[in-house]
Amino acid sequence: MARLLWRLAAMLAAICAATLLAGGYLTESTLRGAQRESFTARFALVAERAAAAAENALALGVPLAPDTPLAGLLAREAALEPALRSFVIVSAQGEALLAAPVDRTGAGRDTAQARAPIRNDLGETVGWASLDYDDGALRSAQQRLHEVVRQAVWPALASMCAAIALLCAGLVARMRRRPRPLGFPGGERALLAVAAALLLGAALAWVGWRASVAGEAGIQPDQIAKAQAMARSSAALIARALAVGVPADALVGVEAHAAALHGQSPEIAGLAVLAPDGRLLAGSAPAPGRLTVTAPVSSGAGQEAAAGEVVLTLDSGVLTRKLQATLLDMAFLGAVCLLMAMELLALGLGTRGARALAVADARRSRLAHAAPVSWRVAGAASVRPALFLFMLAEELTRPFLPTWARTLAPVDGALSPDLLASLPLVVFLAVVALLQWPLAAWSERFGRRPGLMLGALLGAAGLALAAVMPGYVALLAARLLGAVGFALVFVSAQGAAIDGSASHDRASNLAQFVRAILVAGLCGPPLGGLAADRWGVPAAFALAAGVAVFAAAVAWMQMPTRDRALPQPAAATQDLSWPAVLRRPGLAALLLGCALPAKLLLAALCFYLLPMHLHDMGYGSAVTGRLQTIYPLTMVLLVPLAARLADRWRQRGNFVVAGGLLAGASAMLAWPADGALMPLAVVLLGLGLGQALSITPQSALVADLARSLPVRQGAGILGLFRLTERGGSALGPAAGAWLLPAVGFGPALAVIGALTLGGSLVYGWSLRRRAGPEFS
């Protein structure tokens, strides 16, 4: 068993090291981008201001010649920017019309160029304002930043890996002193995972702190210089307004100009126009203690006294918040990678290792009941890695799929953009729902392993189609093909999990099946959001297709080639027709009151309403992915506990009712919260808590009924249950697309939450009306 523990430690160390290196790279990239933007923006502003002055001169009939006021403007701007190496106005044919006298010492070495077009009244480009500047200072600053990040990352990486190795060695020594016949070191496994998570968090915090200190020290001077250039540009606009006779105390459009500056440069927090005596003429007065830059407003030709000044207020926390967002991405990435490591542990250990791991978990939970349980749990464990990988491939697309569909949707169609954005989701989930019933019996005959492999390959083909053909019709076709694959994988995997369970441990065994899906839901959205933001949506689809192919390969390697024949119940003497089965007390109320609304709420919120709402609020796919992890994280942590308690207390029906009430009430909180981020996090947390209580007890209730019937009727019951759940999933995006433009985000979610709450109350009322087993 020591070898297995060392293998786990090596896997955790490798994942933590890769996450830390990725965090260092992304942190440095964020700072380098901020450095370059701050350094180059001021030269672009100088070129734009010169081009605007040239356009004004042409409009007044003033030629672009050396003896005009424009030449004086160029000379003044050149004197304010010592990094300039040339500053010229050229014609559209490339002929130099006038140039500013600048020091060309060092020209040609480490230089960059900024250009702005000069257009006439017809919009034709008649010339260019062009300048060359020395960017050696930028290169030196970026090199210093690289050294700081490198010196922070590598020692932290070495220390983290050494600590994991030392901890593993200590745990192995303790195991040898006190051996336990549990098949796999479960407590040591959990301790290693927790220690790795804590070490990774500390290392990311250290790298982020070192990089932020170095970045702020290097970027703040460039931000100030950029703000000064923006202040001079704003002062020139105000001087032009004063020159045409606009009174200084009647300036208009200052607030709109300030908003435009903030949109271009978020560090510009405010703009104020002050009179020579300090009186506020327009804009917002600068707050005391804030960093500001000023530029005088010219009174006109021949006048030395300024007509006022422009004051820009800077927000020095913009860069810090950007770095915090990057580090938060890295923290989520680290947590995701560690969860993936634990989920793929069975894959790394192989089939025998997966069996040992599963049996140890079963014994530790006091669920082992002689030898057959060993096979059952191992059968569920064998399907878990492949299921996780396929669900991960699908979850990678969740943060960007609705917004990508709206981007590709035709603008001149009869349907609204919101409805077109929901259509790929609705098609996907509707096909999955409709295939659940016919595939239930088909999977029994065709086999769990070939069914899962075929489904994974079809899903990979659909994702690859969406990657190589970025069009709306192609996206619909890709989702249709992916839906067939998803239905095959889901039915085959759930059938394998149920086949390997008995009545006393069915909820706990199904918890393994559910956990694979939930961990994929936790890992996929942040990874998919990061991939879409940094590489583009087609690349994210291609990544998902590769993961789906890997899932098919894992199913081929790890799942048993033949399904174990399970003992079937004796022929039933009671009426087993569909009307009679559906009239069993509580079944219809469970399916229509709990299963359907629960999936409808989940799909409406997480698959459609949340991505669309956050996109409309201006947040990117990465933020959406981070917020979407709250629900599956809550489920991953609580589903096993809820399943064990429901099995132990024999209160599955009450767990289902309590979970539905909690989930519905949490969704209704979105209305008064008005869709802000923190209240949304609370809503997702409540949804996760509620569905963690209900999801496995609900599945176990239906599975118990199915196993009490002959094969054909049992498979039909499971198919009906899957059809009901997937029908709710298909209705969710459609309901969201209908309600969102009609009533808004908060009320739309509250309506669906009220439906879930009411359905749970109906099922609870049906429980109180009857006594005895759930389905008697």
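Structure: see above.
Residues numbered from 1 in each chain as written. Predicted model: local features only at pLDDT ≥ 70, side-chain atom pairs only at ≥ 80, totals over all residues. Heavy atoms only, no water.

**Observations concerning the overall build of the protein**
A tally of regular secondary structure across the protein gives 23 helices and eight strands. Per-residue burial for the protein yields a buried fraction of 54% across its 776 residues. Across the protein, every contact between residues at least 6 apart in sequence was considered, and the portion connecting residues at least 24 apart equals 80%. When the accessible surface of the protein is summed, it comes to about 32600 Å², and 63% of that surface belongs to carbon and sulfur atoms. (Helix = DSSP H or I, 4+ residues; strand = E, 2+ residues; numbered from the N terminus. Buried < 20%, exposed > 50% of the residue type's maximum accessible area, 1.4 Å probe, protein only. Contact = heavy atoms within 4.5 Å. Areas by Shrake-Rupley, 256 points an atom, 1.4 Å probe, with all protein chains shown as cover.)

**With respect to the pairing of strand β3 (residues 111-119)**
Residues A112, A114, A116 and I118 line the buried face of β3, whereas the alternating positions T111, Q113, R115, P117 and R119 sit on a face that is not buried. Across nine bridges, β3 lies against strand β4 (residues 125-134) in antiparallel orientation. Bridge pairing in β4 places R119 opposite T125. Remark: five residues form the turn of the hairpin made by β3 and β4, two consecutive strands paired antiparallel; G123 in that turn has positive phi of roughly 85°. (Pairing = 2+ DSSP bridges.)

**Quick word on the sheet that holds strand β8 (residues 308-314)**
Consider a sheet: its strands pair through backbone hydrogen bonds, and that pairing is either parallel or antiparallel. The strand order β6-β5-β8-β7 describes an open sheet built from four strands, whose pairing is antiparallel. The open sheet has two edge strands with one neighbour each: β6 (280-283) and β7 (292-297). Adjacent strand axes in the sheet meet at a mean angle of 25° when their direction is disregarded. (Axes fitted to C-alpha atoms, helices over the stretch in contact; angles between N-to-C directions.)

**Here we look at helix α9 (residues 401-408)**
With six of eight residues buried, α9 lies mostly within the body of the structure. What α9 keeps buried is the set L401, P402, T403, W404, A405 and L408. Turning to α9, the residues buried within the fold contact α10 (417-446), α12 (472-499), α14 (537-558) and α16 (587-616).

**What to know about the sheet that holds strand β2 (residues 96-99)**
Here four strands make up an open sheet; going across it, the order is β2-β1-β4-β3 and the pairing antiparallel. Looking at which strands have only one partner, the edges of the open sheet turn out to be β2 and β3. Direction aside, neighbouring strands of the sheet carry axes that sit 20° apart on average. Pairing geometry for strand β1 (residues 84-91) and β2, over three bridges, is antiparallel. The residue of β2 that forms the bridge with V88 is A99. The sheet strands contacting helix α1 (residues 2-59) are β1, β3 and β4, and the helix crosses β3 at an angle near 30°.

**Some points on the packing of aromatic side chains**
A full pass over the atoms with the stated rule returns eight aromatic pairs. Both rings, one in F39 and one in F43, keep their centres 5.6 Å apart while their planes meet at 55°; by these two values the pair is tilted. A residue pair is termed a helical-turn pair when its members lie 3 or 4 positions apart in one helix, as F39 and F43 do in helix α1 at four residues. The pair F39 / F43 is uniform in exposure class, with both members buried. Seen from their ring centres, F428 and F486 are 5.5 Å apart, and the 70° between their planes marks the pair as edge-to-face. With F428 in helix α10 and F486 in helix α12, the pair connects residues that are 58 residues apart, well separated along the chain. Joined through ring pairs, the aromatic side chains of F390, F428, F486 and F490 make up one cluster. R42 extends its terminal NZ or CZ atom over the ring of F39, reaching a point 4.9 Å from the ring centre. Directly above the aromatic system of W128 lies the positively charged group of R115, at a separation of 4.3 Å from the ring centroid. (Phe/Tyr/Trp six-rings, centres within 6.5 Å; stacked < 30°, edge-to-face > 60°. Lys NZ or Arg CZ within 6 Å of the ring centre and 35° of its normal.)

**Examining the pairing of β6**
As judged from the three bridges shared by strand β5 (residues 268-274) and β6, these two strands associate in the antiparallel manner. Its bridge partner lying in β6, L274 is registered against L280.

**Here we look at α12**
Over its 28 residues, α12 extends 40 Å from the first C-alpha to the last, a length consistent with the 40 Å expected when each residue adds 1.5 Å. Burial runs high along α12: 22 of the 28 residues are buried. (Expected span 1.5 Å × (residues − 1).)

**Describing the nonpolar core**
Ranked by internal contacts, the top residues of the largest apolar core, which has 101 residues, are F541, L605 and L749. Contact partners of F541, with chain neighbours within four places excluded, come to T397, F400, L401, W404, L463, A466, A467 and L475. Core analysis: the next-biggest nonpolar cluster, separate from the first, contains 31 residues, A2, A13, V153 and L200 among them. (Core = buried A, V, L, I, M, F, W, Y, C linked by side-chain atoms within 4.5 Å.)

**Examining the packing of helix α19 (residues 652-668) against helix α21 (residues 677-707)**
The interhelical angle for the contact between α19 and α21, taken along N-to-C directions, is 150°, at an axis separation of 7 Å. With respect to each other, α19 and α21 are oriented roughly antiparallel. Note on packing geometry: the crossing formed by α19 with α21 is left-handed. (Parallel < 35°, antiparallel > 145°, perpendicular 65-115°, else oblique. Left-handed = near helix turned anticlockwise from the far one by under 90°.)

**Topic: the pattern of salt bridges**
As enumerated under the stated definition, the model contains 11 salt bridges in all. Here D222 and R42 are joined by a salt bridge, their closest N and O atoms 3.8 Å apart. On the criterion of sequence distance, the pair formed by D222 in helix α4 (residues 186-243) and R42 in helix α1 is long-range, its members being 180 residues apart. The exposure classification of D222 matches that of R42, with both residues buried. Across the pair E395 and R398 runs a salt bridge whose closest N-O atoms are separated by 2.3 Å. Relative accessible area serves as the criterion here: at 13%, E395 is assigned to the buried category. Overall, R398 belongs to the buried group, its relative accessible area being 9%. (Salt bridge = Lys/Arg side-chain N within 4 Å of Asp/Glu carboxyl O.)

**Quick notes on the environment of D135**
The topology assignment puts D135 in the loop between β4 and α3 (136-177). What makes D135 buried here is its relative accessible area of 4%. D135 sits 95 residues away from T40 along the chain, and the two C-alpha atoms are 8.5 Å apart.

**Observations regarding the side chain of T634**
Positionally, T634 belongs in helix α18 (residues 630-649). With relative accessibility at 10%, the residue T634 sits in the buried group. There is a polar contact of 2.8 Å between the side chain of T634 and the backbone oxygen of I630. Sequence-distant contacts of T634, that is, excluding residues within four places in its chain, are made with L685, G688 and L689. (Polar contact = N/O pair within 3.5 Å; in protein donor to acceptor, adjacent residues only side chain to side chain.)

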